[in-house]
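Chain by chain, the residues run as shown.
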Amino acid sequence: MRVFVAGATGAIGRPLVARLLEAGHEVIGMTRSDERAADLREGGAEAVVCDAHDSEALRAAVTGARPEVLVHQLTDLPQEFNPRYDYGTTNELRSQVTRDLIAAARDAGAGRFVAQGVAFFYVPTGSMVKDEEDPVTTSEVADGKFAEAGDALADLERQVLGAEGMDGLVLRYGFFYGPGTWFAEDTKLAKAYRLRLAPIVGSGEGVFSFVHVDDAAAATVAAVERAAPGIYNVVDDEPAAANDWMPAFAEAVGGEPPLRVPAVVGRAAGGQNAEAMETMRGASNAKAKRELGWEPRYASWRQGFKEGLR
């Protein structure tokens, strides 16, 4: 199939393009950079250079490529973890630009649209591990930047699932780790863990779900090739409390176990990011494994942190 990947040179875009090519698909990768476009071509993909915020250029890029499937992996997250990031541009990519991509994909004759969602925006009440039917955080139940991001994600999901004439799939990915992500060997976040500057806040009972970026790419190929329209949590088999995964990540990058700080101190310094260490809910991958026919290579972050950060 001809597959257009918007966001082809991001953390997941790179391994996704490689896996699609290995599976025998024709890949057209979109990027903002001539240099990265050259890298895509060198790897065997076609490439287009386009600013996703230019709706006319975006439409021309997609319709000119004539894809059968469009994969939306566009974000504008900082290359290194920044707790003060406000999600503004990424929110626009998930709302208005999604609308433009769907319209362009329809004009191009695409029959399937696969979009990046997030598995760590479930409402932090009730069970500690959520499935795709559980409510997600939006401004109806919360406030602040996470609520604004949740509104944009909910808008993306409504648009994709309601895309006329196309099969729409949303992959709610867990926290990415591995090369090109924040959770990798040589990042600022890893350095913070080595220096014990990333403490466990309060109870540390918030539950996180991770997925290695290569496993996320494999699940995305499966979504391109098969499975019914809908929402899928793409996470590993072991949702884990901060108390468990943070010491393991610190050890994996050569650090000592994290320090602990009271909740009031952590929230004053880290705001909603710190609060998540007590309230975050994890996600179940049962539906993705069953309906995508997907099994993560790293069934647990325990193995993945030891073997997959480089």
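All of the points below concern the structure found in this document. (Residues numbered from 1 in each chain as written. Predicted model: local features only at pLDDT ≥ 70, side-chain atom pairs only at ≥ 80, totals over all residues. Heavy atoms only, no water.)

## Quick notes on unusual backbone geometry
In this model, Arg66 sits at a positive phi of 55°, which is unusual for a non-glycine residue. With a relative accessible area of 53%, Arg66 lands in the exposed category. (Buried < 20%, exposed > 50% of the residue type's maximum accessible area, 1.4 Å probe, protein only.)

## Looking at helix 3 (residues 55–65)
Working note: α-helix, 3.6 residues per turn, so residues spaced by three or four point in the same direction. Three or more residues of helix 3 are buried, namely Leu58, Ala61, Val62 and Ala65. Each buried residue of helix 3 lies within a common arc of 90° when the element is viewed along its axis, so the set occupies one face. In helix 3, those exposed residues whose orientation departs by more than 90 degrees from the buried face are Glu56 and Gly64. Buried positions along helix 3 lie against strand 1 (2–6), strand 2 (26–31), strand 3 (46–49), strand 4 (69–72) and helix 5 (96–108). One or two residues past the end of helix 3 sits Arg66, with phi positive at roughly 55°. (Helix = DSSP H or I, 4+ residues; strand = E, 2+ residues; numbered from the N terminus. Arc of directions from axis to C-beta. Contact = heavy atoms within 4.5 Å.)

## Description of the sheet that holds strand 5 (residues 112–118)
Here seven strands make up an open sheet; going across it, the order is 3-2-1-4-5-7-12 and the pairing parallel. Edge positions in the sheet fall to strand 3 and strand 12 (230–234), since each of these pairs with one other strand and no more. Sheet twist, expressed as the average angle between the axes of neighbouring strands with direction ignored, equals 20°. One ladder, built from four bridges, connects strand 4 with strand 5; its direction is parallel. In the strand pairing of strand 5, Leu70 is matched with Phe113. Contacting strand 1, strand 2, strand 3 and strand 4, helix 3 runs over the sheet at an angle of about 160° to strand 1. Packing of helix 5 onto the sheet brings it into contact with strand 1, strand 4 and strand 5, and relative to strand 4 it is tilted by some 170°. (Pairing = 2+ DSSP bridges. Axes fitted to C-alpha atoms, helices over the stretch in contact; angles between N-to-C directions.)

## Describing the side chain of Asp215
Summarising the element assignment, Asp215 is placed in helix 8 (residues 213–225). Look at Asp215: it is buried, it has no salt bridge, and the nearest opposite charge is Arg19 at 5.5 Å. Setting aside residues no more than four positions away along its own chain, Asp215 makes contact with Trp294, Pro296, Arg297 and Tyr298. (Lys, Arg positive; Asp, Glu negative; His and termini not counted. Salt bridge = Lys/Arg side-chain N within 4 Å of Asp/Glu carboxyl O.)

That is the geometry; function is a separate question.
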